[in-house]
Amino acid sequence: MSETKETSDKPARPARKPLSLKGTVESGHVRQNFSHGRSKSVLVEKKRSKRVFTPGETPTTATAAPAAPEVEAKPAPKVAKPAAKRPAAPAADAAKSAVARPAGKQLSDGELDARARALQAARVRQAEEEEQARERARLEAEERKKREALEALRQKEEAERRAREPEPEPAPEPPPPPKAEAPAKPAARQPAGKPASRASEARPAPARRPGDRNMNEEPDRPKRASSGGAPVKRGGPAQRQPAKPAGDRRVRGKLTVTNAFNDEQRERSLASLKRKREREKQRAMGITTTREKIAREVTIPEVITIQELANRMAERAVDVIKFLMKEGEMHKMNDVIDVDMAELIVQEFGHTAKRVSEADVEVGLSGVDDEPDDMAPRAPVVTIMGHVDHGKTSLLDAIRQANVVSGEAGGITQHIGAYQVDAPTGDKVTFIDTPGHAAFTEMRARGAKVTDIVVLVVAADDSVMPQTIEAINHAKAAEVPMIVAINKMDLPAADPTKVRTELLQHEVVVESMSGDTLEVEVSALKKQGLDKLLEAISLQAELLDLQANPDRSADGIVIEAKLERGRGPVGTVLVQRGTLAVGDIVVAGSSWGKVRALIDDHGKHTVKAGPSVPVEVLGFDSAPAAGDQLNVVESEARAREITEYRQRKLRDTLGSAGATRSLEQMMQSLKDDGKKEFTLLVKADVQGSAEAIAGALAKLGTDEVEARIIHSGVGGITESDISLANASNAIIVGFNVRANQQAKAAAEQDGIEIRYYNIIYDLVDDVKAAMSGLLAPTIKENFIGYAEILEVFNITKVGKVAGCRVTEGRVERGAGVRLLRDNVVIHQGKLSTLKRFKDEVKEVQVGQECGMAFEKYEDLRKGDMIECFTTETIERTL
């Protein structure tokens, strides 16, 4: 391979030039020739050496500009030729002329400006470094003075301590050892050919004190090894020392450009030095900086982990475990301790313990009491109550000009409803309609609890009935005023006087009979007397002076709850105080949710609902129970905490009810082991209906058979219900609900019976008939006659035969007989033979003689009496 320089006129292959400073290198092209005729053009750089002027040369730029402080002049290898003299720079370019121009190349004004700025920056950096060096020297001097002061203080304390201590007696000196001539040792580090000085041999070396340094010794410095690690001979075998320069410092950490060119050692920051001086000053003055312990009030629940307790005390969990180990308890950080142990630990660490229970999560849920100035009038809540088919819903339909009764199956109300209407006076009135069937007792009780006024509807042609009496009792228990509405006054058989008279038996005295209970004669069919009824309600509400605070978080009660497809859990809520708005987070029993929508009694969406307004609430995570209290909370975390506590409490209650049993309960369970169970799974459309069905079926039970409901809920019948019924051998009852396709297929496959009902009468009657089939039939015994044994005959191949005379009634073949001896039953069986003379007869009347033989019994005697009877099986019903 050979290299030849290309000519400048020959075009070269384009190549990117490397980044470089101008004026320091020059580039060119060189062609490299290889074997087999191959060649390659290579870009090369040629570095030009600085030109140094000889003493005879005096260029203007060289004499005018001072040399840069950081550039060190080096002698040129060859004497440069004298450069041509250039004229002096004008006065306007004095700043640029201060920079020395390199010989051999003309610099532009821009390059001169850049070099001037670089020199100025170097001077500023050098000044900053000098300032930092002076500051470090000052700090080191102050620290040195501090150490000297501390050392002086320490020496002073040491001297005082020695002065206080008694001086010990000097120990006896040991006898000098015998003199022996030691072999001559060669002088250490003595140059060859020069004998040691006699004076140094005769004069002993003076005693050295700590800190003194011999003037002939070199100060402690790193020993320099020979270059390349050559062996060094020190009076012994050759040893190879590693080649390590004296000023070797390795760069720790990531290698960067700054770390590579930074020759300074890393120093402590000024703030760190100030903190150190402050600590030393306080230590010298005898001031101890101990942090004062903060006593805290620690909240302790019923159970808590050690780690959580330590966090609440702001202590280390290790310290808590050490304390427990001293007390003989071995625990880990995640172990749970009871409240007594936690209180002991808190007191030991100097804090104050505050016990709380799980029930405290419900503290303040209902809020504070309202101020009288915040109250505002609200609409009265009126509950319509009475016996079934007395016209309660029809009366309410006439008031609100609707037709709710047409939508009820069987013409009876089976759901609780809430509506709001406008009275003739312009005020609003909230009505709650309750079913009148005997099964809906809980619904009527809930309606009486949330109401302000009870309207007792009594049919004029039917008078007082059992559910009417029950409604009166509910109203008295709730301590609310009552208005009697005598309905069906348009019928010919209407007798309002009979209604007033029969109400006296239950301590209800109407105004027409000098009482304090308002009465109104109405006709829902003809819409007569409705204005008088609304006027009586307004008058009673005015006397009650009903008020509530609308400007607060809402509180209410769940009247009804159901589960609908596409809408999820829905609760009918009556707001009692405050305002319920969309977006509020509510808690009702063990259910919680964020209000997604509010629907009024007309089916329209609304944004908010004030006091005494009934609305349907959408957004619950599960269907709440009817009668649960509804409250608005501030956050989802609080809502989850409350519902989880209520669910745990419910589980504990159910578990403890089955775990703790008294002796009486145990005896009753032994007695009930012979009971037959009719297992049912009930699904209804609303919570109140499911509750009413369960209550009605529970009343059907007897000592021999009972209805056992393994599950009761709201919503359609699902596959999980089929699985539960299959495992429990139960029958599924659906009230106003249906099974989905998957549930139907699973029921057909497993042979599970599903019955659908929409009238509670039919459901109760069918279950009653089915439970009656589980009852054992009644065996009835019918007496038919007596016969006296006159003589006993022993007949071959037949056995003993009694000759008898029928003394009472008659005797039938195949009838049951008892053998009485001295009026004591000694045998009970059947007749095998009944003969009259030689013929077999079916029966023998009174006064006639006959022959009788018993089946498998021959102990017959003269004078015994035979009692004949027949048995009859009678089916039982509930």
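Analysis parameters
- Residues numbered from 1 in each chain as written.
- Predicted model: local features only at pLDDT ≥ 70, side-chain atom pairs only at ≥ 80, totals over all residues.
- Heavy atoms only, no water.
- Salt bridge = Lys/Arg side-chain N within 4 Å of Asp/Glu carboxyl O.
- Helix = DSSP H or I, 4+ residues; strand = E, 2+ residues; numbered from the N terminus.
- Buried < 20%, exposed > 50% of the residue type's maximum accessible area, 1.4 Å probe, protein only.
- Patch = residues over 30% accessible without salt bridge, like charges linked within 9 Å, V, L, I, M, F, W, Y side chains within 5 Å.
- Areas by Shrake-Rupley, 256 points an atom, 1.4 Å probe, with all protein chains shown as cover.
- Lys, Arg positive; Asp, Glu negative; His and termini not counted.
- Charge placed at Lys NZ, Arg CZ, Asp CG, Glu CD.
- Polar contact = N/O pair within 3.5 Å; in protein donor to acceptor, adjacent residues only side chain to side chain.
- Pairing = 2+ DSSP bridges.
- Axes fitted to C-alpha atoms, helices over the stretch in contact; angles between N-to-C directions.
- pLDDT = per-residue confidence, 0-100.
- Contact = heavy atoms within 4.5 Å.
- Phe/Tyr/Trp six-rings, centres within 6.5 Å; stacked < 30°, edge-to-face > 60°.
- Parallel < 35°, antiparallel > 145°, perpendicular 65-115°, else oblique.
- Left-handed = near helix turned anticlockwise from the far one by under 90°.
- Nonpolar A, V, L, I, M, F, W, Y, C, P; charged D, E, K, R; others polar.
- Core = buried A, V, L, I, M, F, W, Y, C linked by side-chain atoms within 4.5 Å.
- Disulfide = S-S within 2.5 Å.

### Some details on the pattern of salt bridges
Line of reasoning, step 1. Counting across every chain of the model gives 38 salt bridges.
Line of reasoning, step 2. Its salt-bridge partner being Glu521, residue Arg500 comes within 2.7 Å of it at the nearest N-O pair. Residue Arg500 is found in helix α13 (residues 496–504), and its partner Glu521 is found in strand β16 (residues 518–521); the two are separated by 21 residues along the sequence.
Line of reasoning, step 3. Close ionic contact of Glu781 with Arg818 constitutes a salt bridge, the shortest N to O distance being 2.5 Å. Taken as a pair, Glu781 in strand β31 (residues 778–795) and Arg818 in strand β33 (residues 816–821) lie far apart in primary sequence, 37 residues in all.
Line of reasoning, step 4. On the accessibility criterion, Glu781 (41% relative accessible area) is partly exposed.

### With respect to a positive patch on the surface
Line of reasoning, step 1. On the surface, a cluster of positive charge is contributed by Arg268, Arg275, Arg279 and Arg283.
Line of reasoning, step 2. Tracing the backbone shows Arg275 in helix α6 (residues 270–284).

### Overview of the environment of Asp462
Line of reasoning, step 1. Looking at the element boundaries, Asp462 is found in the loop between β14 (453–459) and α12 (466–478).
Line of reasoning, step 2. Given a relative accessible area of 33%, Asp462 falls into the partly exposed group.
Line of reasoning, step 3. For the pair Asp462 and Pro496, spaced 34 residues apart in sequence, the C-alpha to C-alpha distance is 9.9 Å.
Line of reasoning, step 4. Among the polar contacts listed, one links the side chain of Asp462 to the side chain of His390, at a separation of 3.1 Å.

### Points about the pairing of strand β37 (residues 849–854)
Line of reasoning, step 1. Of all six residues in β37, five are buried; the element is thus mostly enclosed.
Line of reasoning, step 2. In the sheet, strand β32 (residues 799–812) pairs with β37 via four bridges, with the strands oriented antiparallel. Residue pairing across strands places Arg805 opposite Glu849, the latter belonging to β37.
Line of reasoning, step 3. Inspection of the sheet shows strand β34 (residues 824–836) paired to β37 by four bridges, in the antiparallel sense.

### Some points on a negative patch on the surface
Line of reasoning, step 1. A cluster of acidic residues, Asp369, Glu371, Asp373, Asp374 and Asp551, forms a negative patch on the protein surface.
Line of reasoning, step 2. Within the secondary structure, Asp369 sits in the loop between β9 (352–355) and β10 (376–377).

### Some details on the sheet that holds β16
Line of reasoning, step 1. With respect to topology, six strands assemble into an open sheet ordered β12-β13-β11-β14-β15-β16, the strand pairing being mixed. Since the sheet does not close on itself, it has two edges, and those belong to β12 (417–422) and β16, each with one partner. The sheet shows a mean angle of 25° between the axes of neighbouring strands, taken without regard to direction.
Line of reasoning, step 2. By the bridge criterion, four bridges tie strand β11 (residues 381–386) to strand β13 (residues 428–433) in an arrangement that is parallel. Each residue of the ladder has a partner; that of Val382, found in β13, is Phe431.

### Considerations on the confidence of the model for the protein
Line of reasoning, step 1. When the pLDDT values of the protein are averaged, the result is 75; 72% of them are 70 or greater.
Line of reasoning, step 2. Contacts of residues 56–99 to residues separated by more than four positions or lying in other chains number 44 contacts, the stretch itself having pLDDT below 50.
Line of reasoning, step 3. Taken as a whole, residues 179–248 scores under 50 in pLDDT and shows 22 contacts with residues more than four places along the chain or in a different chain.

### Focus: the packing of aromatic side chains
Line of reasoning, step 1. One pass over the structure, following the stated rule, counts two aromatic pairs.
Line of reasoning, step 2. Ring centres of Phe323 and Phe349 lie 6.3 Å apart, and the angle between their planes is 75°; this geometry places the pair in the edge-to-face category. One end of the pair, Phe323, is in helix α8 (residues 317–326); the other, Phe349, is in the loop between α9 (339–348) and β9, and 26 residues separate them in sequence.
Line of reasoning, step 3. Considering the side-chain rings of Phe783 and Tyr786, the 4.8 Å spacing of their centres and the 50° angle between planes classify their relative orientation as tilted.
Line of reasoning, step 4. For Phe783, a relative accessible area of 39% corresponds to the partly exposed category.

### Side note on unusual backbone geometry
Excluding glycine, residues mostly have negative phi values, and the peptide bonds linking residues are mostly trans.
Line of reasoning, step 1. Even without being glycine, Lys488 reaches a positive phi, approximately 60°.
Line of reasoning, step 2. Its identity is not glycine, yet Lys856 carries a phi of approximately 55°, on the positive side.
Line of reasoning, step 3. Assignment of secondary structure puts Lys856 in the loop between β37 and β38 (865–874).
Line of reasoning, step 4. Judged by relative accessible area, Lys856 falls into the exposed class, the value being 86%.

### As for the packing of helix α18 (residues 719–728) against helix α19 (residues 741–750)
How two helices pack is summed up by the angle between their axes together with the distance between the axes.
Line of reasoning, step 1. Contact pair α18 / α19: the axes reach a minimum separation of 8 Å and the direction vectors enclose 20°. Between α18 and α19, the angle is such that the two are roughly parallel. The crossing of α18 and α19 is right-handed. Where α18 abuts α19, its residues Glu719, Ile722 and Asn726 lie against Gln742, Ala743, Ala746, Ala747 and Asp750.

### Comments concerning the packing of α8 against α9
Line of reasoning, step 1. Where α8 meets α9, the closest approach of the two axes is 11 Å, and the angle between their N-to-C directions is 110°. Classed by the angle they form, the pair α8 and α9 counts as roughly perpendicular. Listed contacts from α9 to Val320, Phe323 and Leu324 of α8 are Met341, Ile345 and Glu348.
Line of reasoning, step 2. Tallied by class, residues from the contact of α8 with α9 come to five nonpolar, no polar and one charged.

### What about the pairing of β12?
Line of reasoning, step 1. With five of six residues buried, β12 is to be regarded as a mostly interior element.
Line of reasoning, step 2. Both β12 and β13 contribute to a ladder of six bridges, which runs antiparallel. Looking across to β13, one finds that Asp422 is bridged to Lys428.
Line of reasoning, step 3. Taking the residues between adjacent antiparallel strands as the criterion, β12 and β13 are bridged by five residues, where Gly426 takes a positive phi near 100°.

### So, the side chain of Asp721
Line of reasoning, step 1. Turning to its location among the elements, Asp721 is positioned in helix α18.
Line of reasoning, step 2. You can call Asp721 buried: its relative accessible area is 6%.
Line of reasoning, step 3. Side chain to side chain, Asp721 and Lys683 meet in a polar contact 2.7 Å long.
Line of reasoning, step 4. Setting aside residues no more than four positions away along its own chain, Asp721 makes contact with Leu681, Lys683, His711, Gly716 and Ile732.

### Examining the nonpolar core
Line of reasoning, step 1. Judged by nonpolar contacts, the single largest core of 27 residues is most densely connected at Val382, Leu395, Ile399, Phe431, Val455, Leu533 and Ile537.
Line of reasoning, step 2. Mapped onto this core, the elements with two or more residues apiece are β11, α10 (392–400), β12, β13, β14, β15 (482–487), β16 and α14 (530–544).
Line of reasoning, step 3. Ignoring sequence-local partners within four residues, the contact set of Leu395 consists of Val457, Ala485, Val522, Ala524, Leu530 and Leu533.

### Description of the sheet that holds strand β27 (residues 676–684)
Line of reasoning, step 1. Pairing within the open sheet is parallel, and its four strands lie in the order β28-β27-β29-β30. For this open sheet the edge positions go to β28 (705–714) and β30 (754–757), each flanked by a neighbour on one side alone. Shown here is a sheet whose adjacent strand axes are inclined to one another by a mean of 25°, direction ignored.
Line of reasoning, step 2. Pairing of β27 with β28 involves nine bridges; the strand directions are parallel. Across the sheet, the residue bridging to Leu681 is His711, located in β28.
Line of reasoning, step 3. Helix α17 (residues 687–698) rests against β27, β28 and β29 (731–735) of the sheet, and its axis sits at about 175° to β28.
Line of reasoning, step 4. In the packing of α18 onto the sheet, the strands contacted are β27, β28, β29 and β30, and the crossing angle to β27 comes to about 180°.

### Let's talk about a nonpolar patch on the surface
Line of reasoning, step 1. On the surface, Phe793, Ile795 and Val798 cluster together into a nonpolar patch covering about 270 Å² of accessible area.
Line of reasoning, step 2. Looking at where Val798 falls in the secondary structure, it is placed in the loop between β31 and β32.
Line of reasoning, step 3. Looking at Val798, the relative accessible area reads 51%, which means it is exposed.

### Some remarks on the side chain of Ser463
Line of reasoning, step 1. Summarising the element assignment, Ser463 is placed in the loop between β14 and α12.
Line of reasoning, step 2. A relative accessible area of 2% means that Ser463 is categorised as buried.
Line of reasoning, step 3. Side-chain polar atoms of Ser463 contact the side chain of Glu502, separated by 2.3 Å.
Line of reasoning, step 4. Residues contacting Ser463, with those up to four places away along its chain left out, are His390, Val458, Lys498, Val499 and Glu502.

### A look at the state of the cysteines
Line of reasoning, step 1. Applying the stated criterion across every chain yields a total of zero disulfides.
Line of reasoning, step 2. Cysteine Cys850 remains unbridged, with the sulfur of Cys804 as its closest cysteine sulfur at 5.5 Å.
Line of reasoning, step 3. When its relative accessible area of 8% is taken as the criterion, Cys850 is described as buried.
Line of reasoning, step 4. You can see Cys868 has no disulfide; the closest cysteine sulfur is in Cys850, sitting 8.2 Å from it.

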